[in-house]
Amino acid sequence: MLFWILTGLSVLGLFSQRYGLQPLTVALILRSIYHFGIGNTLILLGSLNLINKVVFVVSFVGNNGTFIMGYKAMVMDVEFLYHLAYVLTSTLGLFVHELFYSILLFDLIYREETLFNVIKSVTRNGRSILLTALLALILVYLFSIVGFLCLKEDFIMEVDPLAQIAAVTCGLTHSTAVTLCKHLVCVCVCVSEAPDTERACDTLLMCIVTVLNHGLRNGGGVGDVLRKPSKNEPLFPARVVYDLLFYFIVIIIVLNLIFGVIIDTFADLRSEKQKKEEILKTTCFICGLERDKFDNKTVSFEEHIKLEHNIWNYLYFIVLVREKNKTDYTGPESYVAHMIKNNNLDWFPRMQAMSLVVTDGDGEQNEMRMLQDKLASTMKVVTTLTTQLTELKEQMTEQRKRRQRMGFVDVQAGASTAMPPSAAGGNHQIYKT
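Residues numbered from 1 in each chain as written. Predicted model: local features only at pLDDT ≥ 70, side-chain atom pairs only at ≥ 80, totals over all residues. Heavy atoms only, no water.

Enquirer: Let's hear about the pattern of salt bridges: which residues, and what values?
Expert: Inspection of every chain in the model, using the stated rule, returns eleven salt bridges. With a closest N to O distance of 3.0 Å, Arg227 and Glu233 form a salt bridge. Overall, Arg227 belongs to the partly exposed group, its relative accessible area being 26%. We classify Glu233 as partly exposed; its relative accessible area is 26%. Of the charged contacts in the structure, one is a salt bridge between Arg291 and Glu302, with a shortest N-O distance of 2.5 Å. In this pair, Arg291 sits in the loop between α12 (236-282) and α13 (301-308) while Glu302 sits in helix α13, placing the two residues eleven residues apart along the sequence. (Salt bridge = Lys/Arg side-chain N within 4 Å of Asp/Glu carboxyl O. Buried < 20%, exposed > 50% of the residue type's maximum accessible area, 1.4 Å probe, protein only. Helix = DSSP H or I, 4+ residues; strand = E, 2+ residues; numbered from the N terminus.)

Printed below as a string of structure tokens:
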């Protein structure tokens, strides 16, 4: 039933041209498991996977020219080594043991960028993490020395030994060995009233291992696994200081430093990924123009990256230039082939597009027309002002002449009034109007 359901889904997917092969593959795998068994199906899938990967590696080497570059370049090529390790793991899984196939699950990390960033968050600042871990080891070593010299009796821990070891050690303790038999299987059980304990700091090496193992894995430090001292003991204050110092210095500060470096690196990688995605969404890959350059233009940004500067068209053109016979080159193809050979990208239209050139040309013409209209209107205003100034000048000149005439008449009238009668040639009566 599952086979036919998945087959129907694959047929529907093939009609929609999306997700058609995945359900069909799952259906064939289920059918193979039902008919041939899971072991034979695993062998069949492993063989197909190995053949597919070998073909891929051969094509990868042929396209990149790995063998031509020499053995040194081959060893330094991380991607080639990864695919070679994939082939070796598939071979081991097919011919040695099936558990080697579980290693191939790490291929998901290589394919998924988010998971790959998780690994890079540890390896990118690996030097800082290693130095901080070295500091933690030095602190553990110092605390181990203090514990070995002063607190050796407190390193007593509960253990759960195996049955064979418990049977051997029963004679050395106050425990009782009891043999339980059921279905002809006998097990010697050590019955004790108190839990089994061991001294964990008789040697400095054992003290270091105990502090490193239990101290870093417990949330409260090494004090969580040591003996609980009484307040009446003389070394009780020293034990409190020892536990608190280990907790604050190693657990809170040093370990959180390592976690902080990893978290900050992962946050930086996520920010870089988001920035790259934002650049790819808002910037043309070919010319580098941003989306806002196409606002209020005849061509939108989507039309520009789909029609004018389609990245796949440029790729097809590069493949055409590489595969085409040199004697059949046109002028532009010859120029582009020469630029590609020299690894020169000047033939790309950087920061320019045909649609923007046409639009900018129309805009310049419109601006010229507007400037001409403004200049004509300004000339009219200047002509009107010039005429008004001329008329005003004439009026001012006329008024000045009138004032001069009136002043001359007043001067003459004043002079006639001040003249004596004898000077006028007799006693004449002078009338003033």
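Enquirer: Could you give me a rundown of a negative patch on the surface, with the residues and numbers involved?
Expert: Residues Glu158, Asp160, Asp196 and Glu198 make up a contiguous surface patch of negative charge. Position of Asp196 relative to the elements: it lies in the loop between β3 (185-191) and β4 (197-199). (Patch = residues over 30% accessible without salt bridge, like charges linked within 9 Å, V, L, I, M, F, W, Y side chains within 5 Å. Areas by Shrake-Rupley, 256 points an atom, 1.4 Å probe, with all protein chains shown as cover. Lys, Arg positive; Asp, Glu negative; His and termini not counted. Charge placed at Lys NZ, Arg CZ, Asp CG, Glu CD.)

Enquirer: Before we move on, could you go through the confidence of the model for the protein and cite the residues and values that matter?
Expert: The share of residues in the protein with pLDDT of 70 or more is 76%, and the mean pLDDT across the chain is 78. For the protein, the element scoring lowest by mean pLDDT is strand β2 (residues 176-182), at 44; helix α9 (residues 126-150) scores highest, at 91. Considering only residues more than four positions removed or in separate chains, one finds that residues 172-194, a stretch of pLDDT under 50, has 28 contacts. Low pLDDT, under 50, characterises residues 422-433; the stretch is placed with two contacts to residues that sit more than four places away or in other chains. (pLDDT = per-residue confidence, 0-100. Contact = heavy atoms within 4.5 Å.)

Enquirer: Any details on the state of the cysteines? Residues and values, ideally.
Expert: In this structure the tally under the stated criterion is one disulfide. One disulfide in the model links Cys201 with Cys207; its S-S distance is 1.8 Å. Judged by the sign of its S-S torsion, about -85 degrees, the cystine formed by Cys201 and Cys207 is left-handed. We note that Cys201, like Cys207, is buried. Here Cys287 is not disulfide-linked; the sulfur of Cys284 is the nearest cysteine sulfur, at 3.5 Å. (Disulfide = S-S within 2.5 Å.)

Enquirer: An account of the environment of Gly260 is needed here, citing residue identities and associated values.
Expert: Turning to its location among the elements, Gly260 is positioned in helix α12. Residue Gly260 is classed as partly exposed on the basis of its relative accessible area of 24%. Here the alpha-carbon distance between Gly260 and Ile129, two residues 131 residues apart in the chain, equals 9.8 Å.

Enquirer: Explain helix α11 (residues 204-217) residue by residue, including any values.
Expert: Along its 14 residues, α11 runs 20 Å from first to last C-alpha, staying within 8% of the 20 Å computed at 1.5 Å per residue. All of the buried residues along α11 are Cys207, Thr210, Val211 and Gly215. For α11, the arc enclosing every buried residue in end-on projection is 95 degrees, short of the 170-degree limit, so these residues lie on one face. For α11, the exposed residues lying more than 90 degrees away from the buried face are Leu205 and Arg217. Residues of α11 that are buried sit in contact with α9, β1 (156-158) and α12. (Expected span 1.5 Å × (residues − 1). Arc of directions from axis to C-beta.)

Enquirer: Quick rundown of the nonpolar core? Include the residues and the values.
Expert: The biggest cluster of nonpolar side chains holds 20 residues, and the ones touching the most others in it are Phe155, Met157, Val211, Val222, Leu226, Tyr242 and Phe246. Among the secondary structure elements, those contributing two or more residues to this core are α9, α11 and α12. The dominant element in this core, judged by the number of residues it contributes, is α12, at six residues. Apart from the residues within four sequence positions on either side, Phe246 is in contact with Phe143, Val211, Gly215, Gly221, Val222 and Ile251. (Core = buried A, V, L, I, M, F, W, Y, C linked by side-chain atoms within 4.5 Å.)

Enquirer: Go over the packing of α9 against α12, please, and point to the residues and values.
Expert: Contact geometry of α9 with α12 gives a least axis separation of 9 Å together with a crossing angle of 170 degrees. On the basis of the axis angle, α9 is roughly antiparallel to α12. Of the residues in α12, those touching α9 at Ser128, Ile129, Thr132, Ala133, Ala136, Leu139, Phe143, Ser144, Val146 and Gly147 are Tyr242, Leu245, Phe246, Ile249, Val250, Val254, Leu257, Ile258, Val261 and Ile262. Grouping the amino acids of the contact of α9 with α12 by side-chain chemistry returns 16 nonpolar, four polar and no charged. (Axes fitted to C-alpha atoms, helices over the stretch in contact; angles between N-to-C directions. Parallel < 35°, antiparallel > 145°, perpendicular 65-115°, else oblique. Nonpolar A, V, L, I, M, F, W, Y, C, P; charged D, E, K, R; others polar.)

Enquirer: Quick rundown of the packing of aromatic side chains? Include the residues and the values.
Expert: By the definition in use, this model includes nine aromatic pairs. Judged by centre distance (5.1 Å) and plane angle (80 degrees), the ring pair of Phe143 and Phe246 falls under edge-to-face. Placement of the pair is Phe143 in helix α9 and Phe246 in helix α12, with a sequence separation of 103 residues. Each member of the pair, Phe143 as well as Phe246, is classed as buried. Among the aromatic side chains, those forming a connected cluster through ring pairs are Tyr314, Phe317, Trp347 and Phe348. When the ring centre of Tyr86 is taken as reference, the NZ or CZ atom of Lys53 above it lies at 4.4 Å. Just above the ring of Phe148 sits the side chain of Lys152; from NZ or CZ to the centre is 4.5 Å. (Phe/Tyr/Trp six-rings, centres within 6.5 Å; stacked < 30°, edge-to-face > 60°. Lys NZ or Arg CZ within 6 Å of the ring centre and 35° of its normal.)

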